[in-house]
Every structure is written in C-alpha cells, then in structure tokens.
Amino acid sequence: MSTFQPIVRNIVSTDVTRVLEINNANTPGVSELSMIELATDLKNSLHALVIDNEHGEVCAFCITFDPEAPDAGTNHQWFAERYKSFVYLDRIAIDSENQNRGLGALLYQSVEQLMFNSAEHSLLCCEVNLEPPNPGSLRFHKRIGFVECGAESTTPGYVVTYLQKFLS
C-alpha cells in the first residue's frame, strides 16, 4: 500500500525544466510551450503550483491567470471579454506515471482554496479540447462541478469548449 501524501506547493525556479517536460508530454491536451513561453506564463501567473511525487520529483502542475494577465492567450481573452472577475486555469498537466491518482482534483481544490482565501474571485474558468477530443478531461471537469458556457474554433483543427464553475 502506498503512503504517498501529495503536497501542493508553489513552483520554484528549479522546477521549471521538469514542468516544461510534463507540459510538452501532455500535448495536445495542453498546448506545447517553449522555455521562454513558460517563463512568461509563470511571470504573469496568479497561481503556479506543483505536486512532488513520493521521490520528491515534480509530477504535476497548474498555472492560473487573473483577468488582467497580459499575453494569456485567446482562451483567456474569451473569458476576459465576458467576465470582470475570474480565475482562468490555463494549464494543468500530470506526468504519465502519476495520472489517475487524484492529483488533478487536488490541484483544482488547491486553486479553489486559494480563491476562497483571497475572496477576490469566485468564478473559476478553463477550456477543454473538443477537437482533438479530450473526453477524459471533459468528464473530469463535469464531475468536479464545471458547466459549459461556450465553444469556439481557435485555430484550424482545434475546437474548445469553455467551462466555468462558481465557487460558493
């Protein structure tokens, strides 16, 4: 029986290479990034969180933005055009050896707790690919309380559904 007790913490500079590896191994569920793009995202983020595995290695991460974040992409812009106050979860990824261990749900719970603690935003937003399809992510988001609020073809071959969750 595993005694793995995941702990969520803020991303630090020594995590960045591993975060990029995890991100780029999870395409097309998340878009591929360069090191420069990741550095920009981290600089502009509201939350940048990781989870270490039982060996102390980063195995999962997420990055969020607030409404005013610069260079946060077209999906963030879609929400910014519709809502004044929200947290946009731009990307979440888990390495293949640690998937299906509840780490995605733990990262979302951590973001929601940070939102609750700050009392600044009560709407959590994200998007999930419909093309190429990502049915597991869509099921996961619906299971944890997200509802669809729009859809868009952002680039040729890609269609996303926009999701939102109001926190109480």
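Residues numbered from 1 in each chain as written. Predicted model: local features only at pLDDT ≥ 70, side-chain atom pairs only at ≥ 80, totals over all residues. Heavy atoms only, no water.

### So, the nonpolar core
Counting 25 residues, the largest nonpolar core has I11, V19, L38, L42, F61 and F79 as its most contacted members. Residue assignment for this core shows that the elements contributing at least two residues are helix 1 (16–25), helix 2 (35–44), strand 2 (47–52), strand 3 (58–65), helix 3 (73–80), strand 4 (87–94), strand 5 (123–131) and strand 7 (158–166). Membership of the second largest hydrophobic core comes to 22 residues, among which are C59, L107, V111 and L124. (Core = buried A, V, L, I, M, F, W, Y, C linked by side-chain atoms within 4.5 Å. Buried < 20%, exposed > 50% of the residue type's maximum accessible area, 1.4 Å probe, protein only. Helix = DSSP H or I, 4+ residues; strand = E, 2+ residues; numbered from the N terminus.)

### Overview of the pairing of strand 5
The element strand 5 is largely enclosed, with a buried count of seven among its nine residues. When strand 4 meets strand 5, the two strands line up parallel, connected through two bridges. Along strand 5, the bridge assignment pairs Y88 with C125. In this view, the connection linking strand 4 to its parallel neighbour strand 5 by way of helix 4 (residues 103–118) has right-handed handedness. (Pairing = 2+ DSSP bridges. Right-handed = clockwise from strand over helix to strand, strands pointing away.)

### Let's talk about unusual backbone geometry
Across the junction of T27 and P28, the peptide omega takes the value 5 degrees, indicating a cis bond. Its location among the elements puts P28 in the loop between helix 1 and helix 2. Each neighbour pair has its own omega, and for E131 with P132 the value is -10 degrees, a cis peptide bond. One can find P132 in the loop between strand 5 and helix 5 (135–143). With phi around 65 degrees, N100 is a residue other than glycine that occupies positive phi space.

### A short note on the sheet that holds strand 6 (residues 147–155)
Taken in spatial order, the seven strands make up an open sheet running 1-2-3-4-5-7-6, and their pairing is mixed. Each edge of the open sheet carries a strand with a single partner, namely strand 1 (8–10) and strand 6. For this sheet, the mean angle separating the axes of adjacent strands, direction not counted, is 30 degrees. Those strands touched by helix 1 are strand 2, strand 3 and strand 4, and its axis lies near 85 degrees from that of strand 3. (Axes fitted to C-alpha atoms, helices over the stretch in contact; angles between N-to-C directions. Contact = heavy atoms within 4.5 Å.)

### Quick notes on the side chain of T64
Tracing the backbone shows T64 in strand 3. Here H47 takes part through its side chain, which lies 2.6 Å from a polar atom of the side chain of T64. Apart from the residues within four sequence positions on either side, T64 is in contact with S45, L46, H47, V87, Y88, L89, D90 and V111. (Polar contact = N/O pair within 3.5 Å; in protein donor to acceptor, adjacent residues only side chain to side chain.)

### Some words on the pattern of salt bridges
On inspection of all chains with the given rule, the structure shows ten salt bridges. A salt bridge links E54 to R101; its shortest N-O distance comes to 3.4 Å. Of this pair, E54 sits in the loop between strand 2 and strand 3 while R101 sits in the loop between strand 4 and helix 4, placing them 47 residues apart in sequence. Accessibility expressed as a relative area gives 45% for E54, which makes it partly exposed. Relative accessible area serves as the criterion here: at 32%, R101 is assigned to the partly exposed category. For E112, the salt bridge identified is with K165, shortest N-O distance 2.8 Å. You can see E112 sitting in helix 4 and its partner K165 sitting in strand 7, a full 53 residues away along the chain. (Salt bridge = Lys/Arg side-chain N within 4 Å of Asp/Glu carboxyl O.)

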